[in-house]
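Read off the chains here:
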Number of protein chains: 2
Amino acid sequence: MKELEERIVSEGTVKAGNVLKVDAFLNHQCDVELFDRMGEEWARLFEGKRVDKVLTIEASGIGIACIAARHFGNAPVVFAKKYQSINLDGEQYVTSIHSFTKQKDFHVIVSKKFLSAGEHVLLIDDFLANGCALNGLIELCEEAGAVVEGIGIAVEKGFQGGGDSLRERGYDLQSLAIIESMDDETGEIRFRR
Amino acid sequence: MKELEERIVSEGTVKAGNVLKVDAFLNHQCDVELFDRMGEEWARLFEGKRVDKVLTIEASGIGIACIAARHFGNAPVVFAKKYQSINLDGEQYVTSIHSFTKQKDFHVIVSKKFLSAGEHVLLIDDFLANGCALNGLIELCEEAGAVVEGIGIAVEKGFQGGGDSLRERGYDLQSLAIIESMDDETGEIRFRR
(Lines give C-alpha, C1' and ligand atoms only; values in the text may rest on other atoms or scores of the structure.)
Protein backbone atom coordinates (compact mmCIF):
# COMPACT_ATOMS: atom_id res chain seq x y z
CA MET A 1 0.00 0.00 0.00
CA LYS A 2 1.75 3.03 -1.35
CA GLU A 3 0.35 5.51 1.17
CA LEU A 4 1.55 3.43 4.12
CA GLU A 5 5.03 3.00 2.62
CA GLU A 6 5.25 6.75 2.08
CA ARG A 7 4.26 7.46 5.67
CA ILE A 8 6.86 4.97 6.93
CA VAL A 9 9.54 6.71 4.86
CA SER A 10 8.52 10.25 5.79
CA GLU A 11 7.63 9.76 9.48
CA GLY A 12 9.26 6.50 10.56
CA THR A 13 12.67 6.30 12.17
CA VAL A 14 15.04 3.35 12.19
CA LYS A 15 16.70 2.62 15.53
CA ALA A 16 19.47 0.21 16.48
CA GLY A 17 18.38 -3.37 17.10
CA ASN A 18 15.95 -3.67 14.16
CA VAL A 19 13.52 -1.21 15.69
CA LEU A 20 11.28 0.84 13.40
CA LYS A 21 9.41 3.64 15.16
CA VAL A 22 6.14 4.54 13.51
CA ASP A 23 4.52 5.92 16.63
CA ALA A 24 3.53 9.17 14.90
CA PHE A 25 0.69 7.50 13.00
CA LEU A 26 0.41 3.80 13.85
CA ASN A 27 0.96 2.73 17.44
CA HIS A 28 1.01 5.63 19.88
CA GLN A 29 -0.57 8.42 17.91
CA CYS A 30 -3.14 6.89 15.52
CA ASP A 31 -4.11 8.35 12.16
CA VAL A 32 -7.70 7.14 11.96
CA GLU A 33 -8.13 8.21 8.33
CA LEU A 34 -5.13 6.08 7.39
CA PHE A 35 -6.58 3.20 9.45
CA ASP A 36 -9.80 3.53 7.47
CA ARG A 37 -7.96 3.29 4.15
CA MET A 38 -6.00 0.29 5.49
CA GLY A 39 -9.32 -1.36 6.33
CA GLU A 40 -10.54 -0.63 2.80
CA GLU A 41 -7.41 -2.19 1.34
CA TRP A 42 -7.73 -5.36 3.45
CA ALA A 43 -11.41 -5.60 2.40
CA ARG A 44 -10.19 -5.58 -1.22
CA LEU A 45 -7.42 -8.12 -0.56
CA PHE A 46 -9.69 -10.50 1.37
CA GLU A 47 -12.70 -10.04 -0.90
CA GLY A 48 -15.05 -13.02 -0.93
CA LYS A 49 -13.72 -14.42 2.36
CA ARG A 50 -16.10 -15.13 5.21
CA VAL A 51 -15.19 -13.05 8.26
CA ASP A 52 -17.33 -13.69 11.35
CA LYS A 53 -14.92 -12.04 13.74
CA VAL A 54 -11.76 -9.96 13.83
CA LEU A 55 -9.15 -11.05 16.38
CA THR A 56 -6.26 -8.85 17.49
CA ILE A 57 -4.00 -8.44 20.52
CA GLU A 58 -3.71 -5.55 22.93
CA ALA A 59 -2.75 -2.80 22.79
CA SER A 60 -1.70 -1.37 19.44
CA GLY A 61 -3.72 -3.76 17.28
CA ILE A 62 -7.04 -2.65 18.76
CA GLY A 63 -7.61 0.68 17.02
CA ILE A 64 -6.62 -0.68 13.61
CA ALA A 65 -8.80 -3.78 14.06
CA CYS A 66 -11.85 -1.77 15.18
CA ILE A 67 -11.72 0.60 12.23
CA ALA A 68 -10.91 -2.23 9.78
CA ALA A 69 -13.88 -4.27 11.05
CA ARG A 70 -16.18 -1.53 9.72
CA HIS A 71 -15.13 -2.78 6.25
CA PHE A 72 -15.98 -6.39 7.09
CA GLY A 73 -19.69 -5.96 7.73
CA ASN A 74 -19.05 -4.57 11.23
CA ALA A 75 -17.76 -7.95 12.41
CA PRO A 76 -17.17 -7.98 16.20
CA VAL A 77 -13.58 -7.37 17.24
CA VAL A 78 -12.06 -9.46 20.03
CA PHE A 79 -8.75 -8.43 21.49
CA ALA A 80 -6.58 -10.99 23.24
CA LYS A 81 -5.23 -9.78 26.58
CA LYS A 82 -1.64 -10.08 27.75
CA TYR A 83 -0.79 -10.97 31.31
CA GLN A 84 2.46 -11.84 32.98
CA SER A 85 0.68 -14.04 35.47
CA ILE A 86 -2.87 -15.29 35.47
CA ASN A 87 -5.31 -17.30 37.51
CA LEU A 88 -6.60 -19.98 35.23
CA ASP A 89 -10.27 -20.57 35.87
CA GLY A 90 -10.90 -22.68 32.78
CA GLU A 91 -13.01 -20.03 31.11
CA GLN A 92 -10.23 -18.75 28.85
CA TYR A 93 -8.18 -20.03 25.99
CA VAL A 94 -4.57 -19.43 26.98
CA THR A 95 -1.22 -19.61 25.29
CA SER A 96 2.18 -18.13 26.00
CA ILE A 97 4.29 -15.91 23.79
CA HIS A 98 7.75 -14.43 24.07
CA SER A 99 8.11 -10.74 23.31
CA PHE A 100 11.55 -9.98 21.86
CA THR A 101 10.86 -6.25 22.17
CA LYS A 102 10.16 -6.47 25.88
CA GLN A 103 12.30 -9.56 26.58
CA LYS A 104 9.46 -11.11 28.54
CA ASP A 105 7.05 -14.01 28.34
CA PHE A 106 3.36 -13.25 28.37
CA HIS A 107 0.22 -15.27 28.70
CA VAL A 108 -2.24 -14.38 25.99
CA ILE A 109 -5.86 -15.09 26.75
CA VAL A 110 -9.26 -14.90 25.12
CA SER A 111 -12.48 -15.67 26.93
CA LYS A 112 -14.08 -18.87 25.65
CA LYS A 113 -17.33 -16.90 25.27
CA PHE A 114 -15.88 -14.86 22.42
CA LEU A 115 -14.15 -17.41 20.18
CA SER A 116 -16.04 -20.49 19.04
CA ALA A 117 -15.61 -23.61 16.95
CA GLY A 118 -16.40 -23.03 13.30
CA GLU A 119 -16.08 -19.24 13.42
CA HIS A 120 -14.11 -17.72 10.55
CA VAL A 121 -11.60 -15.28 11.94
CA LEU A 122 -9.52 -12.50 10.42
CA LEU A 123 -6.38 -11.74 12.45
CA ILE A 124 -5.22 -8.11 12.43
CA ASP A 125 -2.11 -6.60 13.96
CA ASP A 126 0.09 -3.56 13.52
CA PHE A 127 3.45 -5.32 13.30
CA LEU A 128 4.82 -8.70 12.25
CA ALA A 129 8.47 -9.49 12.93
CA ASN A 130 9.27 -12.96 14.28
CA GLY A 131 5.62 -13.84 14.37
CA CYS A 132 5.44 -14.68 18.08
CA ALA A 133 2.31 -12.66 18.80
CA LEU A 134 0.55 -13.94 15.69
CA ASN A 135 1.47 -17.53 16.41
CA GLY A 136 -0.11 -17.01 19.81
CA LEU A 137 -3.34 -15.80 18.19
CA ILE A 138 -3.30 -18.76 15.78
CA GLU A 139 -2.90 -21.16 18.70
CA LEU A 140 -5.88 -19.58 20.46
CA CYS A 141 -7.95 -20.09 17.27
CA GLU A 142 -6.80 -23.72 17.01
CA GLU A 143 -7.69 -24.32 20.63
CA ALA A 144 -11.17 -22.87 19.98
CA GLY A 145 -11.63 -24.77 16.70
CA ALA A 146 -11.99 -21.46 14.84
CA VAL A 147 -10.82 -21.08 11.24
CA VAL A 148 -8.07 -18.54 10.48
CA GLU A 149 -9.46 -17.08 7.26
CA GLY A 150 -6.70 -14.54 6.76
CA ILE A 151 -4.09 -12.37 8.45
CA GLY A 152 -3.88 -8.62 7.87
CA ILE A 153 -0.72 -6.85 9.00
CA ALA A 154 0.15 -3.19 8.66
CA VAL A 155 3.95 -3.40 8.72
CA GLU A 156 5.87 -6.65 8.21
CA LYS A 157 9.59 -6.71 8.87
CA GLY A 158 10.23 -9.18 6.05
CA PHE A 159 13.87 -9.74 6.97
CA GLN A 160 12.88 -11.24 10.33
CA GLY A 161 11.16 -14.17 8.65
CA GLY A 162 7.95 -14.50 10.64
CA GLY A 163 5.78 -13.61 7.66
CA ASP A 164 7.41 -15.99 5.19
CA SER A 165 7.11 -18.82 7.66
CA LEU A 166 3.36 -18.15 7.99
CA ARG A 167 2.99 -18.05 4.18
CA GLU A 168 4.82 -21.40 3.94
CA ARG A 169 2.33 -22.85 6.40
CA GLY A 170 -0.42 -21.82 3.98
CA TYR A 171 -1.90 -18.77 5.69
CA ASP A 172 -3.33 -15.99 3.53
CA LEU A 173 -1.17 -13.22 4.94
CA GLN A 174 -1.61 -9.70 3.56
CA SER A 175 0.89 -7.15 4.83
CA LEU A 176 0.30 -3.61 3.63
CA ALA A 177 4.02 -2.77 3.75
CA ILE A 178 6.87 -5.29 3.83
CA ILE A 179 10.27 -3.99 4.83
CA GLU A 180 13.06 -5.86 3.09
CA SER A 181 15.87 -4.05 4.85
CA MET A 182 16.52 -0.99 6.94
CA ASP A 183 19.64 0.73 8.16
CA ASP A 184 19.79 2.58 11.44
CA GLU A 185 22.95 4.45 10.40
CA THR A 186 21.72 5.90 7.11
CA GLY A 187 18.01 5.68 7.96
CA GLU A 188 17.36 3.95 4.63
CA ILE A 189 14.27 1.72 4.39
CA ARG A 190 13.77 -0.64 1.45
CA PHE A 191 10.45 -2.34 0.74
CA ARG A 192 9.85 -5.76 -0.80
CA ARG A 193 8.43 -5.63 -4.34
CA MET B 1 -27.77 6.72 25.86
CA LYS B 2 -30.65 4.31 25.85
CA GLU B 3 -29.02 1.72 23.59
CA LEU B 4 -25.98 1.46 25.84
CA GLU B 5 -28.10 1.16 29.00
CA GLU B 6 -30.10 -1.61 27.36
CA ARG B 7 -26.96 -3.50 26.38
CA ILE B 8 -25.61 -3.17 29.93
CA VAL B 9 -28.86 -4.61 31.32
CA SER B 10 -29.14 -7.43 28.77
CA GLU B 11 -25.47 -8.46 28.47
CA GLY B 12 -23.70 -7.07 31.53
CA THR B 13 -23.18 -9.02 34.73
CA VAL B 14 -22.66 -7.65 38.20
CA LYS B 15 -19.93 -9.34 40.24
CA ALA B 16 -18.94 -8.98 43.86
CA GLY B 17 -16.67 -6.04 44.69
CA ASN B 18 -18.43 -3.44 42.52
CA VAL B 19 -17.38 -5.16 39.30
CA LEU B 20 -19.55 -4.78 36.21
CA LYS B 21 -18.59 -7.08 33.35
CA VAL B 22 -19.49 -5.72 29.94
CA ASP B 23 -16.84 -7.67 28.07
CA ALA B 24 -19.37 -8.98 25.53
CA PHE B 25 -19.56 -5.64 23.72
CA LEU B 26 -17.28 -3.04 25.30
CA ASN B 27 -13.88 -4.15 26.53
CA HIS B 28 -12.91 -7.61 25.35
CA GLN B 29 -15.29 -8.22 22.49
CA CYS B 30 -16.03 -4.89 20.82
CA ASP B 31 -19.28 -4.02 19.05
CA VAL B 32 -17.97 -1.57 16.48
CA GLU B 33 -21.44 -0.48 15.35
CA LEU B 34 -22.28 0.46 18.93
CA PHE B 35 -18.93 2.29 19.17
CA ASP B 36 -19.89 4.25 16.09
CA ARG B 37 -23.21 5.31 17.58
CA MET B 38 -21.41 6.23 20.82
CA GLY B 39 -19.09 8.44 18.75
CA GLU B 40 -22.11 10.04 17.11
CA GLU B 41 -23.66 10.73 20.51
CA TRP B 42 -20.48 12.33 21.88
CA ALA B 43 -20.27 14.45 18.72
CA ARG B 44 -23.79 15.71 19.52
CA LEU B 45 -22.99 16.28 23.23
CA PHE B 46 -19.72 18.12 22.50
CA GLU B 47 -21.04 20.03 19.49
CA GLY B 48 -19.22 23.30 18.88
CA LYS B 49 -16.18 22.31 20.93
CA ARG B 50 -12.75 22.44 19.38
CA VAL B 51 -11.15 18.98 19.38
CA ASP B 52 -7.61 18.85 18.01
CA LYS B 53 -6.83 15.47 19.50
CA VAL B 54 -8.46 12.55 21.26
CA LEU B 55 -6.54 11.14 24.23
CA THR B 56 -7.24 7.76 25.79
CA ILE B 57 -5.38 5.09 27.74
CA GLU B 58 -4.50 1.54 26.77
CA ALA B 59 -6.00 -0.92 26.30
CA SER B 60 -9.78 -0.86 26.28
CA GLY B 61 -10.17 2.84 25.52
CA ILE B 62 -8.36 2.59 22.19
CA GLY B 63 -11.03 1.03 19.99
CA ILE B 64 -13.75 3.34 21.29
CA ALA B 65 -11.53 6.41 20.89
CA CYS B 66 -10.48 5.52 17.33
CA ILE B 67 -14.03 5.02 16.11
CA ALA B 68 -15.27 8.09 18.02
CA ALA B 69 -12.53 10.25 16.48
CA ARG B 70 -14.14 9.65 13.07
CA HIS B 71 -16.97 11.88 14.36
CA PHE B 72 -14.57 14.65 15.41
CA GLY B 73 -13.14 15.46 12.00
CA ASN B 74 -10.81 12.44 12.12
CA ALA B 75 -8.81 14.01 14.93
CA PRO B 76 -5.66 12.00 15.71
CA VAL B 77 -5.98 9.60 18.64
CA VAL B 78 -3.15 9.30 21.15
CA PHE B 79 -3.20 6.48 23.65
CA ALA B 80 -1.27 6.80 26.89
CA LYS B 81 0.78 3.72 27.73
CA LYS B 82 0.93 1.98 31.09
CA TYR B 83 4.16 0.64 32.48
CA GLN B 84 5.05 -0.76 35.85
CA SER B 85 8.60 0.48 35.49
CA ILE B 86 10.07 2.85 32.99
CA ASN B 87 13.33 4.42 31.96
CA LEU B 88 12.79 8.13 31.99
CA ASP B 89 14.59 9.72 29.10
CA GLY B 90 12.87 13.09 29.35
CA GLU B 91 10.97 12.64 26.12
CA GLN B 92 7.70 11.63 27.80
CA TYR B 93 5.13 13.21 30.02
CA VAL B 94 4.76 10.85 32.95
CA THR B 95 2.41 10.47 35.86
CA SER B 96 1.48 7.63 38.15
CA ILE B 97 -1.91 6.11 38.82
CA HIS B 98 -3.20 3.45 41.14
CA SER B 99 -5.42 0.80 39.63
CA PHE B 100 -7.96 -0.47 42.17
CA THR B 101 -8.96 -3.27 39.78
CA LYS B 102 -5.43 -4.60 39.53
CA GLN B 103 -4.21 -3.37 42.94
CA LYS B 104 -1.09 -1.97 41.32
CA ASP B 105 0.56 1.35 40.60
CA PHE B 106 1.32 2.19 37.01
CA HIS B 107 3.27 4.87 35.25
CA VAL B 108 1.24 6.43 32.50
CA ILE B 109 3.20 8.04 29.72
CA VAL B 110 2.65 10.01 26.54
CA SER B 111 5.44 11.01 24.23
CA LYS B 112 6.05 14.77 24.26
CA LYS B 113 5.86 14.69 20.48
CA PHE B 114 2.15 13.89 20.58
CA LEU B 115 0.71 16.27 23.13
CA SER B 116 1.45 19.99 22.91
CA ALA B 117 0.73 23.26 24.65
CA GLY B 118 -2.47 24.86 23.43
CA GLU B 119 -3.94 21.72 21.92
CA HIS B 120 -7.61 21.13 22.72
CA VAL B 121 -8.05 17.56 23.83
CA LEU B 122 -11.08 15.29 24.23
CA LEU B 123 -10.47 12.48 26.73
CA ILE B 124 -12.25 9.19 26.00
CA ASP B 125 -12.38 6.03 28.10
CA ASP B 126 -14.58 2.98 28.53
CA PHE B 127 -15.04 3.18 32.32
CA LEU B 128 -14.99 5.78 35.06
CA ALA B 129 -15.12 4.65 38.67
CA ASN B 130 -12.80 6.38 41.13
CA GLY B 131 -11.34 8.46 38.35
CA CYS B 132 -7.71 7.42 38.85
CA ALA B 133 -7.00 6.72 35.19
CA LEU B 134 -8.73 9.92 34.06
CA ASN B 135 -6.94 12.03 36.64
CA GLY B 136 -3.72 10.61 35.22
CA LEU B 137 -4.71 11.72 31.71
CA ILE B 138 -5.67 15.17 33.01
CA GLU B 139 -2.27 15.50 34.71
CA LEU B 140 -0.52 14.59 31.45
CA CYS B 141 -2.52 17.33 29.67
CA GLU B 142 -1.65 19.85 32.40
CA GLU B 143 2.02 18.93 32.15
CA ALA B 144 1.83 19.48 28.38
CA GLY B 145 -0.15 22.71 28.66
CA ALA B 146 -2.98 21.17 26.64
CA VAL B 147 -6.61 22.13 27.25
CA VAL B 148 -9.04 19.42 28.39
CA GLU B 149 -12.03 20.37 26.27
CA GLY B 150 -14.25 17.52 27.43
CA ILE B 151 -14.35 13.99 28.77
CA GLY B 152 -16.40 11.25 27.11
CA ILE B 153 -17.01 8.08 29.11
CA ALA B 154 -18.99 5.03 28.08
CA VAL B 155 -19.93 3.66 31.52
CA GLU B 156 -19.63 5.69 34.72
CA LYS B 157 -20.08 3.97 38.05
CA GLY B 158 -21.76 6.98 39.61
CA PHE B 159 -21.75 5.56 43.13
CA GLN B 160 -17.93 5.51 43.19
CA GLY B 161 -17.78 9.28 42.98
CA GLY B 162 -15.00 9.85 40.46
CA GLY B 163 -17.35 11.43 37.95
CA ASP B 164 -19.01 13.86 40.36
CA SER B 165 -15.67 14.99 41.62
CA LEU B 166 -14.58 15.79 38.03
CA ARG B 167 -17.86 17.68 37.42
CA GLU B 168 -17.25 19.69 40.60
CA ARG B 169 -13.83 20.62 39.28
CA GLY B 170 -15.59 22.07 36.23
CA TYR B 171 -14.87 19.46 33.58
CA ASP B 172 -17.44 18.88 30.86
CA LEU B 173 -17.92 15.18 31.50
CA GLN B 174 -20.39 13.27 29.35
CA SER B 175 -20.98 9.67 30.39
CA LEU B 176 -23.27 7.71 28.09
CA ALA B 177 -24.53 5.53 30.95
CA ILE B 178 -24.27 6.35 34.66
CA ILE B 179 -24.87 3.51 37.08
CA GLU B 180 -26.46 4.72 40.29
CA SER B 181 -26.42 1.35 42.02
CA MET B 182 -25.96 -2.31 41.25
CA ASP B 183 -26.46 -5.47 43.23
CA ASP B 184 -24.36 -8.57 42.68
CA GLU B 185 -26.89 -10.79 44.45
CA THR B 186 -29.99 -9.84 42.47
CA GLY B 187 -28.12 -8.62 39.39
CA GLU B 188 -30.18 -5.43 39.42
CA ILE B 189 -28.63 -2.34 37.80
CA ARG B 190 -30.13 1.13 38.30
CA PHE B 191 -29.15 4.11 36.17
CA ARG B 192 -28.97 7.76 37.19
CA ARG B 193 -31.75 9.90 35.67
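Here is a short report on the structure shown in this document.

Brief notes about the side chain of A:Asp125
All names here are of chain A. By the secondary structure assignment, aspartate 125 is in strand S8 (residues 120–128). The buried charged residue aspartate 125 lacks any salt bridge, with lysine 82 as its nearest oppositely charged partner at 7.2 Å. If we ignore the near neighbours within four places in the chain, the residues touching aspartate 125 are Thr56, Ile57, Gly61, Ala133, Gly152, Ile153 and Ala154.

Notes on the environment of A:Ser175
Residue and element names in this part refer to chain A. You can see serine 175 is positioned in strand S10 (residues 173–182). Under the relative-accessibility criterion, serine 175 is labelled buried at 15%. Note: C-alpha distance between serine 175 and alanine 80 (95 residues apart in sequence) is 20 Å. Excluding its chain neighbours within four sequence positions, the residues that come into contact with serine 175 are Ile153, Ala154, Glu156 and Arg167. Of note is the side chain of serine 175, whose polar atom sits 2.6 Å from the side chain of glutamate 156.

Observations regarding unusual backbone geometry
All names here are of chain A. Following glutamate 58, the chain continues to alanine 59 via a peptide bond in cis, the omega torsion being -5°. Tracing the backbone through its elements, the reader meets alanine 59 in the loop between strand S4 (53–57) and helix H3 (61–69). Even without glycine at this site, asparagine 74 takes up a positive phi of about 55°. Residue placement: asparagine 74 occurs in the loop between H3 and strand S5 (77–83).

Describing the interface of chain B and chain A
Contacts between the two partners involve 32 residues from chain B and, on the opposite side, 32 residues from chain A. Carbon and sulfur atoms make up 63% of the surface buried where chain B meets chain A, a total of about 2,700 Å² over both sides. At the junction of chain B with chain A, the criterion picks out four salt bridges. Taken together, the connections running from chain B to chain A amount to 14 residue pairs in polar contact (both at pLDDT 80 or more). Those elements that place two or more of their residues in the side of chain B that touches chain A are strand S3 (29–30), helix H2 (32–45), helix H3 (61–69), strand S5 (77–83) and strand S7 (104–111) of chain B. The biggest single contributor to the side of chain B that touches chain A is H3(B), with five residues. Residues that form the side of chain B that touches chain A fall into these classes: 17 nonpolar, seven polar and eight charged.

A closer look at the relation of the copies chain B and chain A
Both copies of the chain are related by a screw-like operation: a rotation about an axis and a shift along it. Of the transformation placing chain B onto chain A, the axial shift is 0.0 Å and the rotation is 180°, giving an RMSD of 0.0 Å. Read as a symmetry element, the transformation amounts to a two-fold axis. In terms of C-alpha distance to the rotation axis, chain B has B:Gly63 as its closest residue, with the C-alpha 2.3 Å off the axis. A share of 100% of interface residues in chain B that are also interface residues in chain A marks the association as one of identical surfaces.

Let's talk about the environment of A:Asp36
By the element assignment, A:Asp36 lies in helix H2 (residues 32–45). Among the residues examined, A:Asp36 registers a relative accessible area of 15% and is labelled buried. Through-space distance from the C-alpha of A:Asp36 to that of A:Ala80 is 22 Å; in sequence the pair is 44 residues apart. Look past the residues within four positions of A:Asp36 in its chain and what remains in contact with it is A:Ile67, A:His71 and B:Arg70.

As for the packing of aromatic side chains
Within this structure, the stated rule accounts for zero aromatic pairs over all chains. Here A:Lys82 stacks its cationic end above the ring of A:Phe106, 5.8 Å away from the centre of that ring.

Re the environment of B:Ile153
All names here are of chain B. Its place among the elements puts isoleucine 153 in strand S9 (residues 147–157). It is 4.5 Å that separates the C-alpha atoms of isoleucine 153 and serine 175, two residues lying 22 residues apart in sequence. Residue contacts for isoleucine 153: discarding those within four places in its chain leaves Trp42, Asp125, Asp126, Phe127, Leu128, Leu134, Leu173, Gln174, Ser175 and Leu176.

Re the pairing of strand S6 (residues 92–99) of chain A
Two faces belong to every sheet, and in a regular strand the side chains alternate between them. Residues and elements named next belong to chain A. Because side chains alternate across S6, one face comprises the buried residues Tyr93, Thr95, Ile97 and Ser99, and the other comprises Gln92, Val94, Ser96 and His98, none of which is buried. Bridge count between S6 and strand S7 (residues 104–111): eight bridges; the pairing is antiparallel. Its bridge partner lying in S7, tyrosine 93 is registered against valine 110. Between S6 and S7, which pair antiparallel and follow one another directly, the connecting turn spans four residues, one of which, glutamine 103, has a positive phi of 50°.

Things to note about a negative patch on the surface
A cluster of like negative charges, contributed by A:Asp183, A:Asp184, A:Glu185 and A:Glu188, occupies part of the molecular surface. Here A:Glu185 shows up in the loop between S10 and strand S11 (189–191).

Definitions and limits used
- Residues numbered from 1 in each chain as written.
- Chains lettered and ligands numbered in written order.
- Predicted model: local features only at pLDDT ≥ 70, side-chain atom pairs only at ≥ 80, totals over all residues.
- Heavy atoms only, no water.
- Helix = DSSP H or I, 4+ residues; strand = E, 2+ residues; numbered from the N terminus.
- Buried < 20%, exposed > 50% of the residue type's maximum accessible area, 1.4 Å probe, protein only.
- Lys, Arg positive; Asp, Glu negative; His and termini not counted.
- Salt bridge = Lys/Arg side-chain N within 4 Å of Asp/Glu carboxyl O.
- Contact = heavy atoms within 4.5 Å.
- Polar contact = N/O pair within 3.5 Å; in protein donor to acceptor, adjacent residues only side chain to side chain.
- Buried area = accessible area lost by both parts, 1.4 Å probe.
- Nonpolar A, V, L, I, M, F, W, Y, C, P; charged D, E, K, R; others polar.
- Least-squares fit on C-alpha atoms with pLDDT ≥ 70 in both.
- Phe/Tyr/Trp six-rings, centres within 6.5 Å; stacked < 30°, edge-to-face > 60°.
- Lys NZ or Arg CZ within 6 Å of the ring centre and 35° of its normal.
- Pairing = 2+ DSSP bridges.
- Patch = residues over 30% accessible without salt bridge, like charges linked within 9 Å, V, L, I, M, F, W, Y side chains within 5 Å.
- Areas by Shrake-Rupley, 256 points an atom, 1.4 Å probe, with all protein chains shown as cover.
- Charge placed at Lys NZ, Arg CZ, Asp CG, Glu CD.

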